[in-house]
Every structure is written in C-alpha cells, then in structure tokens.
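# A structural walkthrough
As a plain string of letters, each chain reads:
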There are 2 protein chains.
Amino acid sequence: MNGEFEYIAWLCERTRPDPRMLLGPGDDAAVLRPPQRALLATTDMLMDGVDFHLAEVGGVRAGRKALAANLSDLAAMAAHPYAALVSLALPQHPPIPGLSTRQLAEEIDTGIRTLAEAFDLPIVGGDTNSWAAPLAINITLLGEADERGYVTRGGAQAGDWIFVTGPLGGSILGKHLDFVPRVREALALLAAAPLHAMCDISDGLAADLFHILEQSRCSAVLRAQDIPIAPAAVTLSQQTGRSPLEHALQDGEDFELIFTLAPDQAQRLLDHPPIPHLTPIGVCLPDLPPTLWLELPDGRRQPLPPRGWSHPM
Amino acid sequence: MNGEFEYIAWLCERTRPDPRMLLGPGDDAAVLRPPQRALLATTDMLMDGVDFHLAEVGGVRAGRKALAANLSDLAAMAAHPYAALVSLALPQHPPIPGLSTRQLAEEIDTGIRTLAEAFDLPIVGGDTNSWAAPLAINITLLGEADERGYVTRGGAQAGDWIFVTGPLGGSILGKHLDFVPRVREALALLAAAPLHAMCDISDGLAADLFHILEQSRCSAVLRAQDIPIAPAAVTLSQQTGRSPLEHALQDGEDFELIFTLAPDQAQRLLDHPPIPHLTPIGVCLPDLPPTLWLELPDGRRQPLPPRGWSHPM
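Residues numbered from 1 in each chain as written. Chains lettered and ligands numbered in written order. Predicted model: local features only at pLDDT ≥ 70, side-chain atom pairs only at ≥ 80, totals over all residues. Heavy atoms only, no water.

### Here's the deal with the UniProt feature "binding site: Mg(2+) 3" (unreviewed entry) in chain A
So the rule is basically this: UniProt positions are given in the numbering used here, feature names are shortened, and annotations may be inferred rather than shown by experiment. Helix and strand assignments come from DSSP, with helices taken as H or I runs of at least 4 residues and strands as E runs of at least 2, each series counted from the N terminus. Contacts between residues were defined by any pair of non-hydrogen atoms, one from each residue, lying within 4.5 Å.
With numbering aligned to this structure, UniProt lists the feature "binding site: Mg(2+) 3" (unreviewed entry) at Asp28, Asp73 and Asp200 of chain A. What stands out for the annotated residues spanning 173 residues is how far apart their C-alpha atoms range, the widest pair being 33.1 Å apart. With respect to the secondary-structure elements, Asp28 of chain A resides in the loop between β1 (21-23) and β2 (30-32). Not counting the four nearest positions on each side in its chain, Asp28 of chain A is found in contact with Thr42, Asp73, Ala76, Met77, Arg153, Met198, Cys199 and Asp200 of chain B. Within the secondary structure, Asp73 of chain A sits in helix α2 (residues 54-75). When neighbours within four sequence positions are excluded, Asp73 of chain A is seen to be in contact with Thr42, Asp44 and Asp200 of chain A together with Asp28 of chain B.

Have a look at this one:
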C-alpha cells in the first residue's frame, strides 16, 4: 500500500451514506439510483495559475472554488445537485512551503466537501493522480431537473426583461473564490415565474448575455444606469483606470445569474421578489443578427462588445 | 469570438443527435434522459508524462487512451456506456513541432470521438482550457446498468474460480495505448454466467486482484503456470531482466478483466466460452486477512505482494 490507495481509503471513510448513492467510492465506478426527472451533467476543470493561485489561496479555497463553479453551472439550468466526481492532478511538489502532496489533497477535499455538504451533495467518486506539474482539479457534477423543468440559454424572446441576481464587477478581488453558487436562488426563481432563458456569469455579463442571444436568436439592450455595480468594481476601478461600469459589464467569474422572462411575469416578480438583489437591467429585441447594445443615461445606444474571459487557443 | 468559443462551436457541429441526449454541448450543462436502470459514473484524468508521452504518441492516441481507460472502468462493472464529458487542460505550447493548441484539441477530439462512435457513446459536454503546463485530459463516463445488474469488486466468495480475459504483461510496449476496452466482453460474460466480482487491470494483476480480495474479504491463490503471458511481456523481459511472469503479474494497464464466479458456473463457462481468451488462473480462499498467494509448478505457495502502479503522494 502507498500514497494513492491510502488516500482513497481515507476518502472512503469520509463518505457518508446517501440514498442517491448505491455504491460509493472504491470500486471501478460509482452506482447511483437513476434520477426520476431529466439528468443534468456539467464538468469544469480549474487549474493553478489560471483559475486560482494555489500558493496564495491554499488548497481549501481552490477546492471550494472548483465545486462552486460547477454548482453555478447547475444553478444556471435551475437544477438540483445530485452527485459529484472529483479528479485531481496533484503537484508532486506543492508550491506551499511545508505542505505535502497528501496534505494538499486533504485540504482540497475539505474545501470541496464542506461546500458539498452545504448543498446536500454526495461525492460519489473520483480519480487521484500526482505529477511534476501544477494542480488541476476537475469536477463533474450531475443534477436532476426540477419538477417545473429546466432553463436553457435558448429560450429568450423579444420583449423579455433581462435580470441579474446581484451586483457585478471586481470579482477578482475575492468573490471569485468565496461566492455562494446561486442554486437555491435559481430554484426559487423557477418556482416563482416561468423563466425563458438563463446562464451564470462566468465569462462576464456582456459575454454571457451574448451566449443567451446567440442561442435564442435575438438581440438585447442593457440600460447603463441600471447595471448593479459591486463595491469591488469601484475598488478595482481605482487600480485599473477603467470605469466601475466597465468592470461590471466585462469582468468574469461573478457567478451571478442572468435570466429573461416575459414582461408581465417580470413585473409580478418585482412585486413579490423571491430573492433579494433582483435587478432588471434591460430588454430583449427582435433584431438579427444577435447584437448587444448599451443604452446610456441620455438615451443614446452604443454597441456593447461581448468581451470577456476566454482561453486562448 | 476567439479560440475557446470557436472550438466549442466546432465541437457542437460535430455532435450528432442521440436519443439519450436531450440537450447537448453549448449550454451550462448537458441534459440527458434519465437511464431506466442504475446510473454508473466513473472519471479518469490522464496526464502527459504520466499516462502517455504526448510528443511521442500524438493527440489522437492520447485522446483515445483517455476514453478507453474510462470505458474499461465501466466494463469492469459490466455496464452499458451512456454519455461522456471531456475536460481538457491544453498546453499553450504543445510539445509537437508545428502543432497549434487548437490542432492538438482537434486531434484529441478525433481520438476520443472515433472510439466513442465505436461504442455508440454520445459526448454530451465538456470544458476546454489552456495553460502554460502539460496536457491533462479528464473524461467522466456515465453508464447504465444491464438488466442483469452490475458487478462490483466486493462479491467474491471462497471457492470461486478466478479468470482473466486475455494475456498479460508488457502493455507499456503499446497495448496501453491501443487496447480495446472489454465492454462487450463484460456484457457477454454477464449474460452467460452470474459473475461474483470483477475489476479491470489498470494497476497490475496482483494489485487489482488484491482490490477484489480486500473488498470481498477473502484470499486467493494464483497458479503460476496458468497465468497467460503476452508476447510483449517476453519482449519486455529481455530488456528488464525480470521474468515474463513477473511482468504479467505486476505490469499496469493491461485493461483486461479479472473476475470470479462459483466453480460450477466456471466449468459451464469453460464448456461454452462466450468470448475468446478466457483463462482460469486461480481460486479464492476463505483465509483472513486477505492474502494473495502464488502456487509454483512444484506445488509450493509463496506470498504474492500486491505490487503495481500507484501515484506517489
């Protein structure tokens, strides 16, 4: 016996029974009770130096972020978390003085597991590896559709109001690590109103809204003065020289939700908001090809480029 | 638009409709029709320099191996492939002269997709990243249990015969890249006989059989002269000075199946073998703690250490 298998035994001991998990970690595959409604599946790989700086944030926050980003993807569909699988490529020499590879693995597991428990999510399997390169964490998250269905990026219609679930911008100052994925908020919204389209803000408000426009085949205009700006966007603005509004429009990893729904439903939602911080920021337009506009306080409209974070290839 | 999103658009175009896939790549999560029987889930991360040497094997074979290793895990449970998700951490400077990151991604996809099509498996989602480090490929594979159930590592019983599905050893000379995962063979075996326990050989025959013994709480003895030895084990033996038998017992990544079943069923299986290369190699014993023995041609038994490949931690 040695490192990898001892660690897997440690993981198995930490695994609690769950009615969704017929067979947990320790075999060639996990076995799950099949969900009754549609099965959702999403996967995210987070890497040291790209999605976090391990030497600065430590294993707990790196692990937490990896699961939180996946939960945010499920939230974007308004689905219920069902089970998670965790793969690690661990550095053989972690960039944290005095921390062994095994200790790093335990820290990452703690970060993941603490958040998983808060969302009643079993970790049913994974794969543990080490190499002479930086940390990579891959999580695959399975979900079950709500009884009301699920929400895609493709259902927005001309006339729809566009909402966000919280203030935006400057996430890099801390929120990108410690945000609470909007799983409960998404389900509360779906229970309150028929949502037409939704996605989470991972690339940036403009870029992610543009994903909705492309999938839904429509355009949109955002009202500059209605975009909720996070205090962090103001702080960051003082460092970058870019305006807080620019940060709110283009910064990635806010992990708030963008969604659209019909105007009458939107008004009802505002009359009885099921969650705090709901903010209408614009409307969908029938024009094609899909174009995103920003309406300034004086009424002028200017094109809003769907810039945001993307991996160079 | 830029690298990552253009590549995702290219992936979406390559994706064919599948009755299991209600919503494919391009949204925050894939949506699948829930399987009727138990849902299996397994994940494997393969890394350049550990599981393959990208500069030597190229993207197609690296991608193929990543999916094949996952399919082997499903085969080990005798389950049907259902859907796959693929995450890539792509090197910004691939170690292959003249090959761009985008071209490498396409090669990997081709390797994965060709094997997926051979196993009627839809690729329903993924995550594409790039970084200043070597290639890592993570695949999560979902499966559906057969109508006869699924086979774990935990069901072996004293008296069971132990089989392998093919000759072993020397996989590093090529088989570890080009093996055919034993998905169909596992299902044919399960249709022919009630299997008690099964796993695939990824760490090595001795190490993986020991996993079965630990989970099943029993011991086993292997007959040295009955272990089927691959020609590659003989070739490798000439380079290493270790015996072909040692290679067959301890080399990783043969990706054949080890399984056990009751003696009368074992005899029936040998009378009407549903697949070629079926070889009985030993029997399970009631002794505890779980111990693995090797019986030599002269009848003497010696302890067989469950050595095999493991990630140092």
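### Comments concerning the packing of aromatic side chains
We apply this condition: Each pair of aromatic rings taken from Phe, Tyr and Trp, with Trp reduced to its six-membered ring, is defined by centres within 6.5 Å and is described as stacked if the planes are under 30 degrees apart, edge-to-face if over 60, and tilted in the remaining cases. When accessible area is computed with a 1.4 Å probe and restricted to protein chains, residues below 20% of their type maximum are described as buried, those above 50% as exposed, and intermediate ones as partly exposed.
In this structure the tally under the stated criterion is eight aromatic pairs over all chains. A centroid spacing of 6.1 Å and a plane angle of 25° characterise the contact between Trp131 of chain A and Trp131 of chain B, whose relative ring orientation is stacked. One end of the pair, Trp131 of chain A, is in strand β5 (residues 123-131); the other, Trp131 of chain B, is in strand β5 (residues 123-131), on a second chain. Residue class for Trp131 of chain B comes out buried when judged on its relative accessible area of 2%. Ring centres 6.5 Å apart and planes at 25° place the aromatic pair Trp161 of chain A and Phe163 of chain A in the stacked group.

### Observations concerning the environment of Asp18 of chain A
Residue and element names in this part refer to chain A. Our working rule: In the analysis that follows, any N or O atom pair within 3.5 Å is treated as a polar contact, provided that within protein one partner can donate a hydrogen and the other can accept it, and provided that, for residues neighboring in sequence, both atoms belong to side chains.
Turning to its location among the elements, Asp18 is positioned in the loop between α1 (3-14) and β1. Residue Asp18 is classed as buried on the basis of its relative accessible area of 13%. Separated by 134 residues in sequence, Asp18 and Thr152 place their C-alpha atoms 29 Å apart. For Asp18, the residues in contact, after removing those within four places along its chain, are Asp120 and Pro122. Side-chain polar atoms of Asp18 contact the backbone nitrogen of Arg20, separated by 2.8 Å.

### Topic: helix α9 (residues 263-271) of chain B
Given 3.6 residues per helical turn, the α-helix brings residues three or four places apart onto the same face. Residues and elements named next belong to chain B. Here is the rule we go by: This arc is taken over the directions from the axis of the helix to the C-beta atoms.
Buried residues of α9: Gln265, Ala266 and Leu269, and no others. For α9, the angular spread of the buried residues around the axis is 105°, confining them to a single face. Residues of α9 that are exposed and point over 90 degrees away from its buried face: Asp264 and Arg268.

### Remarks on the packing of α2 of chain A against helix α3 (residues 101-118) of chain A
Residues and elements named next belong to chain A. For clarity, the cut-off: Here the axes come from fitting lines to C-alpha atoms, over the contacting stretch only for helices, and the angles between their N-to-C directions go from 0 to 180 degrees. Two helices cross in a left-handed way if the nearer one is turned anticlockwise from the farther one by less than a right angle. They cross in a right-handed way if the turn is clockwise. Under the grouping applied here, Gly and all other residues not named as nonpolar or charged are polar, the nonpolar ones being Ala, Val, Leu, Ile, Met, Phe, Trp, Tyr, Cys and Pro and the charged ones Asp, Glu, Lys and Arg.
Following both chains from N to C, one finds α2 and α3 inclined at 40°, their axes separated by 8 Å at the closest point. The chirality of how α2 crosses α3 is right-handed. Touching Leu54, Gly58, Gly59, Val60, Gly63, Arg64, Leu67, Ala68 and Leu71 of α2 are Leu104, Glu107, Ile108, Gly111, Ile112, Leu115 and Ala116, all from α3. The residue inventory of the contact of α2 with α3, partitioned by class, reads 10 nonpolar, four polar and two charged.

### Quick word on the sheet that holds strand β11 (residues 279-285) of chain B
Residues and elements named next belong to chain B. Put simply, the rule is: Each pair of strands is called paired provided DSSP finds at least two bridges between the two strands.
Read across the open sheet, the seven strands follow the order β8-β10-β7-β11-β9-β12-β13; overall the sheet is mixed. Of all the strands in the sheet, the pair left with one neighbour each is β8 (197-200) and β13 (301-303). Adjacent strand axes in the sheet meet at a mean angle of 25°, parallel and antiparallel pairs treated alike. The pairing of strand β9 (residues 219-223) with β11 spans four bridges and is classified as antiparallel. When the bridges of β11 are listed, Ala220 appears paired with Cys284. Its contacts with the sheet put helix α6 (residues 205-216) on β7 (161-164), β8, β9, β10 (257-261), β11 and β12 (292-295), and the angle it makes with β8 is roughly 145°.

### Notes on the relation of the copies chain A and chain B
For clarity, the cut-off: The copies are overlaid by a least-squares fit using only the C-alpha atoms of residues whose pLDDT is at least 70 in both copies.
Least-squares fitting of chain A to chain B yields an RMSD of 0.0 Å, with the transformation described by 0.0 Å of translation along the axis and a rotation of 180°. One copy is carried onto the other by what is essentially a two-fold rotation axis. The fraction of interface residues of chain A whose copies in chain B are also interface residues reaches 100%, indicating that both copies meet through the same surface.

### Focus: the sheet that holds strand β9 (residues 219-223) of chain A
Residue and element names in this part refer to chain A. If you trace the seven strands from one edge of the open sheet to the other, you get β8-β10-β7-β11-β9-β12-β13, paired in mixed fashion. The outermost strands of the open sheet, each flanked by one partner alone, are β8 (197-200) and β13 (301-303). Strand after strand, the sheet turns through a mean of 25° between neighbouring axes, direction not considered. Sheet topology note: the strand β7 (residues 161-164)/strand β11 (residues 279-285) ladder contains four bridges and is antiparallel. Among the inter-strand pairings, Phe163 is bridged to a residue of β11, identified as Pro280. Sitting on the sheet, helix α6 (residues 205-216) touches β7, β8, β9, β10 (257-261), β11 and β12 (292-295), and the angle it makes with β8 is about 145°.

### Thoughts on the pattern of salt bridges
All names here are of chain B. We count it as follows: Salt bridge, as applied in this entry: a Lys or Arg side-chain nitrogen positioned within 4 Å of an Asp or Glu carboxyl oxygen.
Scanning all chains against the criterion turns up 40 salt bridges over all chains. Put simply, Asp109 and Arg113 hold a salt bridge, and the shortest N to O gap is 2.9 Å. Taken together, the positions of Asp109 and Arg113, both in helix α3 (residues 101-118) and four residues apart, correspond to about one turn of that helix. Take Asp109 and Arg113: they sit in the same class, and that class is buried.

### Points about the domain arrangement of chain A
Residues and elements named next belong to chain A. Put simply, the test is: Here the bounds of each domain stem from an automatic or database domain assignment. Defined in terms of a 1.4 Å probe, buried area is the accessible area two parts forfeit on being brought together, summed over both.
Looking at the assigned domains, one finds that chain A contains domain 1 (14-145) and domain 2 (161-303). Of note, the centres of domain 1 and domain 2, computed from C-alpha atoms alone, are 27 Å apart. Across the boundary between the two partners, domain 1 contributes 20 residues, which contact 18 residues of domain 2. Regarding the contact of domain 1 and domain 2, the summed buried area is about 1600 Å², with carbon and sulfur atoms giving 61% of it. One can count two salt bridges joining domain 1 with domain 2. Between Glu253 and Lys65 there is a salt bridge, with its nearest N and O atoms 2.5 Å apart. Our enumeration of links across domain 1 and domain 2 arrives at seven residue pairs in polar contact (both at pLDDT 80 or more). For the side of domain 1 that touches domain 2, the secondary-structure elements that each account for two or more residues are α2 and β4 (79-91). If one sorts the elements of the side of domain 1 that touches domain 2 by residue count, α2 sits on top with 10 residues. When the residues that make up the side of domain 1 that touches domain 2 are grouped by side-chain class, the tally is 13 nonpolar, two polar and five charged.

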